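An overview of the molecular structure
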Amino acid sequence: MTTATTRTVIGNLCLGSAPDSWGVWFPQDEQQVPHTRFLDELVQAGYAWLELGPFGYLPTDPRQLADELGERGLKVSGGTTFGALHRPGQWDDMLATTRRVAELTAAAGAHHLVYIPPMYRDEKTGAYTESPELTAEQWASFGRRAGDLGRILLEEYDVRLVLHPHADSHIQTQQEIERYLNESDPRYANLCLDTGHVAYGGGDAVDLIRRFGERIGYVHIKQMDPAVLDRVRAENLSFGEAVKLGVCVEPPAGVPNPAEVIDALSGLDAEIFVIVEQDLYPCAPDVPLPIAVRTREYLNSCGLSGTRRPGGERA
């Protein structure tokens, strides 16, 4: 286990968390805590910034959202949405949904939209729902439509598209992440580097930071248990099954080494939110808070602070 030593606060990085770290994957689910409990415990855990999570979990009325966040002293780092850029027939519906999320994100004062591609295995059953590989034609369409969507978001909402690699999705392995970056327009479509999902796909987050740092606009920081990853590969388990086995662990227990990731990010000429995402769905209601506290304390010791907006402005 790697032990962090306290270091000077890194000025270009800002720490936050997300509903995912409270076991929230869906807008509504009986196994998830109410959004008010999540917000209250987020403050208790010492965080000032949050990502919105699945659209509909937190209030979607901008005024209500502002009131609930304001009374707790919370601010928004970005929004979250899901969509299939490789399915042209779903473009119109996807765009309509993304516009709603972008509008709420912008109203909350945030400028990043984390876009998560769909999984090709069912989240709850693990059954395959489509081929795990895209065709050359689908790849070209994916990159082109990412640029189209990113341009709309930037020009109409001042929100930047950052695509999130995800386990059991077509943007999972390092090769797939790099292909997405090569196929897409850097003016409009960039990367939410999720360190845990990169590790899940066998990739190297630090290498991506060093070689594609200018494309990293946002970060989800998490760690994966190497022993569970070995079992996932040996038994062809789905991501949902892996999460139930505890694949996502609190730092610094898993891979990649969060201190190395933070050190690499600190060298970028960019101001970046680093959002904790520890996949816990489903979990008992009392599980997330103590983990969130320990995680924040560890990341604080690595130089991550959530008291300032990236660049130095106080929250």
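Please read these numbers as outputs of a predicted model, since none were measured by experiment.

It is worth spelling out helix α7 (residues 205-212) at this point. Buried within α7 we find A205, V206, L208, I209 and F212. In an axial view of α7, the angular spread of the buried residues amounts to 165 degrees, which keeps them on one side of the axis. Tucked inside the fold, the buried residues of α7 contact α5 (174-183), β6 (189-194), α6 (195-200), β7 (216-221) and α10 (258-266). Of the residues that open α7, the one with a side-chain oxygen 3.1 Å from the backbone nitrogen of V206 is D204.

Bringing the packing of α5 against α7 into the picture now. α7 packs onto α5 with a crossing angle of 20 degrees between their chain directions and a minimal axis gap of 12 Å. The orientation of α5 relative to α7 falls into the category roughly parallel. The interaxial crossing formed by α5 with α7 has right-handed handedness. Of α7, the residues touching α5 (which contributes Q174, I177, E178 and L181) are D207, L208, R211 and F212.

Moving on: the side chain of E68. Tracing the sequence through the fold places E68 in helix α2 (residues 62-70). Those residues in contact with E68 that lie beyond four places of it in its chain are H35, T36, L39 and P59.

Grouped together as the largest cluster of nonpolar side chains are 70 residues, with contacts concentrated most on F38, L50, L85, L149, Y180, L193 and L265. Here this core gets 7 residues from one element, more than from any other, and that element is helix α4 (residues 136-157). If near-sequence neighbours (up to four positions away) are discounted, L193 is found in contact with V198, A205, L208, I209, I216, Y218, V219 and H220. Ranked by size, the runner-up nonpolar core spans 17 residues in total, among them A167, Y200, M224 and L237.

Direction vectors running N to C along α7 and α10 enclose 5 degrees, while the axes themselves pass 9 Å from each other. Judged by the inter-axis angle, α7 sits roughly parallel to α10. Residue-level contacts link A205, V206 and I209 of α7 to E260, V261, A264 and L265 of α10. Considering only residue class, the contact of α7 with α10 consists of 6 nonpolar, no polar and 1 charged.

This part covers the pattern of salt bridges. Taken as a whole and judged by the stated rule, the model has 19 salt bridges. For the salt bridge of E178 with R211, the shortest nitrogen-to-oxygen distance reads 2.3 Å. Of this pair, E178 sits in helix α5 while R211 sits in helix α7; the two residues are 33 residues apart in sequence, bridging distant segments of the chain. You can call E178 buried: its relative accessible area is 18%. Overall, R211 belongs to the partly exposed group, its relative accessible area being 41%. Connected through shared salt-bridge partners, D40, E68, E71 and R72 make up one network.

Counted under the stated rule, the structure contains 3 cavities of 30 Å³ or more. The computed volume of the largest cavity comes to approximately 60 Å³. As for the largest cavity, its lining consists of L52, G53, P54, F55, G56, L58, P59, L65, G79, T80, V101 and L104. For the lining of the largest cavity, the secondary structure elements donating two or more residues are β3 (75-82) and α3 (91-107).

The tally for this structure, following the rule as stated, stands at 12 aromatic pairs. Judged by centre distance (6.2 Å) and plane angle (55 degrees), the ring pair of F38 and Y57 falls under tilted. Of this pair, F38 sits in helix α1 (residues 35-44) while Y57 sits in the loop between β2 (49-51) and α2, and the two are 19 residues apart along the sequence. With a centroid separation of 6.1 Å and an interplanar angle of 85 degrees, the aromatic rings of F142 and Y180 are classed as edge-to-face. Pair noted here: F142 is in helix α4 and Y180 is in helix α5, with a separation of 38 residues, a long-range link. The burial state of F142 is the same as that of Y180; both residues are buried.

Its location among the elements puts L95 in helix α3. Taking the C-alpha atoms as reference points, L95 and G83, separated by 12 residues in sequence, lie 8.6 Å from one another. Other than its neighbours up to four places away in sequence, L95 contacts L149 and I152.

What follows covers the confidence of the model for the chain. Residues with a pLDDT of 70 or more make up 95% of the chain, whose mean pLDDT is 93. Taken together, the stretch residues 1-6 has pLDDT below 50 and engages in 9 contacts with residues farther than four places along the chain or on a different chain.

Rules and cut-offs
- Residues numbered from 1 in each chain as written.
- Predicted model: local features only at pLDDT ≥ 70, side-chain atom pairs only at ≥ 80, totals over all residues.
- Heavy atoms only, no water.
- Buried < 20%, exposed > 50% of the residue type's maximum accessible area, 1.4 Å probe, protein only.
- Helix = DSSP H or I, 4+ residues; strand = E, 2+ residues; numbered from the N terminus.
- Arc of directions from axis to C-beta.
- Contact = heavy atoms within 4.5 Å.
- Polar contact = N/O pair within 3.5 Å; in protein donor to acceptor, adjacent residues only side chain to side chain.
- Axes fitted to C-alpha atoms, helices over the stretch in contact; angles between N-to-C directions.
- Parallel < 35°, antiparallel > 145°, perpendicular 65-115°, else oblique.
- Left-handed = near helix turned anticlockwise from the far one by under 90°.
- Core = buried A, V, L, I, M, F, W, Y, C linked by side-chain atoms within 4.5 Å.
- Nonpolar A, V, L, I, M, F, W, Y, C, P; charged D, E, K, R; others polar.
- Salt bridge = Lys/Arg side-chain N within 4 Å of Asp/Glu carboxyl O.
- 1 Å grid on protein atoms, 1.4 Å probe; cavity = no way out; pocket = protein on both sides within 12 Å on 5 of 7 lines; lining within 4 Å.
- Points joined across faces, edges and corners; volume = space filled by probe spheres on them.
- Phe/Tyr/Trp six-rings, centres within 6.5 Å; stacked < 30°, edge-to-face > 60°.
- pLDDT = per-residue confidence, 0-100.

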